[in-house]
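# Close look at the chain arrangement
The chain contents come next:
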Amino acid sequence: MASIQNITVLGATGSIGQNTLDVIRRHPDKYRAFALTAARSVEQMLADIAEFQPRYAVMVDPQAAQQLNNQLPPDGAATEILSGDEALAMVASHEEVDQVMAAIVGAAGLLPSLAAAQSGKRVLLANKESLVMAGPLFMQAVEQGKAELLPIDSEHNAIFQSMPESYTGELSAHGIDKILLTASGGPFRGKSRDDLTAVTPEQAVAHPNWSMGAKISVDSATLMNKGLELIEACFLFHCLPEQVQVVVHPQSVIHSMVQYCDGSVIAQLGQPDMRTPIAYGLAWPERVEAGVKSLDLFEIAQLDFMPPDEISFPCLRLAKEAFAAGGTMPAVLNAANEVAVDAFLRQELSFTAIPDLIEQVMKRHAVQQIEQLQTVLDADRWARNCAQQLMTEESL
Ligand code: NDP
Ligand code: MG
């Protein structure tokens with residue numbers, strides 16, 4: 001590998017994208033932002049181009065690309081502005097790129113993340129939705145493309161750090177009993193389903209420990225995030241859902257744990273700051289400074305643990321059911337969730353109707369096996385249409 005690593009940041013203008021650029025900013029001798037992508041955040045992209053001078057900037061929205069081109073100052077000419085999905089795949093698989101941060105939100109991240117895997121990059125995977133939708137195909141692409149897959153989701157990064165280096169994909173072969181997947185419980189931990197009917201988007205996105213994009217913040221509040229993460233863990237670590245125990249840990253200091261057969265539990269602790277897993281992924285197997293405040297255990301003083309409440313928060317159950325159904329069902333769960341969260345954020349659906357809508361869509365779906373990517377994309381489209389239809393029928 002080259003001494004300065006070329007990095008493509010997919011979803012550069014988002015929460016993970018900006019944290020990634022902050023780590024890159026601290027190590028100009030090690031990392032270079034080669035390509036940055038966004039959907040339509042022109043102002044942020046302009047600022048990032050001015051600072052990082054990437055070779056490419058992709059705005060998926062053609063009008064945003066045009067606007068960016070018009071506003072680019074003369075010294076931005078070193079950056080080529082591109083648009084559209086093909087450009088996303090191109091910068092994710094470009095031969096000069098060493099690492100790809102996959103940090104687009106939602107199903108839109110699937111194709112460029114797959115392109116990075118197929119072309120043998122080090123893939124820093126934040127976009128958990130791609131694994132949920134197409135886990136078997138994604139893992140196959142990683143293997144066939146000889147890519148390196150490093151989990152960025154803080155829990156999976158913690159599990160990765162707590163696993164033996166030689167991990168080959170079978171828990172029992174390494175004396176591992178189970179994975180303990182921690183969850184903060186979100187802003188509504190301890191509330192009953194009745195308490196939750198009138199919660200607002202502002203309350204739902206105000207996560208107690210983490211600062212994140214709107215969609216994942218709502219997913220954390222419904223516990224769908226933990227459901228998606230459970231599926232993500234099963235694909236990443238080749239294990240069964242029964243081997244993954246969700247543990248609510250409100251302080252978000254332990255980011256997850258691995259329990260071994262000799263009674264040992266290995267955990268990774270740290271601040272709730274995504275720059276830690278991002279820096280870990282970029283530098284692995286080495287370590288680099290990430291700008292993260294060191295942990296003061298006396299300040300934290302106490303760590304609590306409790307089981308998740310699947311009655312008030314049915315999304316975790318729905319995710320388990322989707323994974324058990326297999327095939328296209330996780331893609332359907334994911335797509336219905338994206339439609340429901342979007343409608344909730346636009347105040348067109350109540351918080352408690354999110355799981356109801358997802359469940360209705362899942363009930364109407366006939367599962368298909370997923371040998372082809374097109375089957376996944378078709379199921380995604382079907383689920384979006386079905387969710388929209390159900391919302392217009394106002395059956396929720
Ligand atoms: P944000 O909403 O903050 O950022 C999303 C990024 O994706 C933005 O750059 C956005 O561009 C871009 N984007 C949005 N829609 C599209 C589209 N249709 N096509 C191409 N690009 C698009 O999200 P987060 O950074 O919070 O999350 C990103 C991913 O990382 C998610 O999958 C999330 O689950 C995962 N993750 C996030 C964590 C966090 O702490 N935030 C923690 C663990 C995982 P624009 O700005 O132009 O809209
Ligand atoms: Mg997480």
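Residues numbered from 1 in each chain as written. Chains lettered and ligands numbered in written order. Predicted model: local features only at pLDDT ≥ 70, side-chain atom pairs only at ≥ 80, totals over all residues. Heavy atoms only, no water.

## Looking at the domain arrangement of the chain
Looking at the assigned domains, one finds that the chain contains domain 1 (5–151), domain 2 (159–300) and domain 3 (326–392). One C-alpha centre belongs to domain 1, the other to domain 2; they are set 24 Å apart. Every contact between the two is made by 27 residues of domain 1 and, on the other side, 27 residues of domain 2. Between domain 1 and domain 2, a total of about 2400 Å² is buried, with carbon and sulfur atoms accounting for 71% of that surface. (Domains from an automatic or database assignment. Contact = heavy atoms within 4.5 Å. Buried area = accessible area lost by both parts, 1.4 Å probe.)

## Quick word on the coordination of the magnesium ion (ligand 2)
For the magnesium ion (ligand 2), the full set of protein donor atoms is Asp153 (OD), Glu155 (OE) and Glu229 (OE), at a range of 2.1 to 2.2 Å. All donor residues of the magnesium ion (ligand 2) come from one chain, and their arrangement in sequence is D-x1-E-x73-E. Residue Asp153 is classed as buried on the basis of its relative accessible area, which comes to 7%. Taking relative accessible area as the criterion, Glu155 reaches 8% and is therefore assigned buried. (Donors = N, O, S within 2.8 Å, 3.2 Å for Na, K, Ca; no water. Buried < 20%, exposed > 50% of the residue type's maximum accessible area, 1.4 Å probe, protein only.)

## Here's the deal with the layout of surface pockets
Each pocket or cavity is described by its volume, and for the second largest pocket that value is around 700 Å³. As for the second largest pocket, its lining consists of 23 residues, of which Leu149, Phe160, Glu165, Tyr167 and Trp284 are closest to the centre. For the lining of the second largest pocket, the element with the highest residue contribution is strand S7 (residues 148–151), accounting for four residues. A domain-level breakdown of the lining of the second largest pocket finds at least three residues from each of domain 1 (5–151) and domain 2 (159–300). (1 Å grid on protein atoms, 1.4 Å probe; cavity = no way out; pocket = protein on both sides within 12 Å on 5 of 7 lines; lining within 4 Å. Points joined across faces, edges and corners; volume = space filled by probe spheres on them. Helix = DSSP H or I, 4+ residues; strand = E, 2+ residues; numbered from the N terminus.)

## Some words on helix H5 (residues 110–118)
Of all nine residues in H5, seven are buried, a share of seventy percent or more. Buried within H5 are the following residues: Leu110, Pro112, Ser113, Leu114, Ala115, Ala116 and Ala117. Buried residues along H5 sit against strand S1 (5–10), helix H4 (85–93), strand S5 (99–102), strand S6 (122–125), helix H6 (128–145) and helix H17 (373–392). Remark: Gly120 follows H5 within two positions and exhibits a positive phi of approximately 75 degrees.

## Some words on the pairing of S1
Looking along a regular strand, one sees side chains alternate from face to face of the sheet. Taken across its six residues, S1 has six buried, putting it largely inside the fold. Burial along S1 is two-sided: the face carrying Gln5, Ile7 and Val9 and the face carrying Asn6, Thr8 and Leu10 are both buried. Pairing of S1 with strand S2 (residues 31–38) involves five bridges; the strand directions are parallel. Each residue of the ladder has a partner; that of Ile7, found in S2, is Ala33. Regarding the hand of the β-α-β motif, the stretch spanning S1, helix H1 (residues 15–26) and S2 is right-handed. The pairing of S1 with S5 spans four bridges and is classified as parallel. The residue bridging Leu10 from the neighbouring strand is Ala102, located in S5. (Pairing = 2+ DSSP bridges. Right-handed = clockwise from strand over helix to strand, strands pointing away.)

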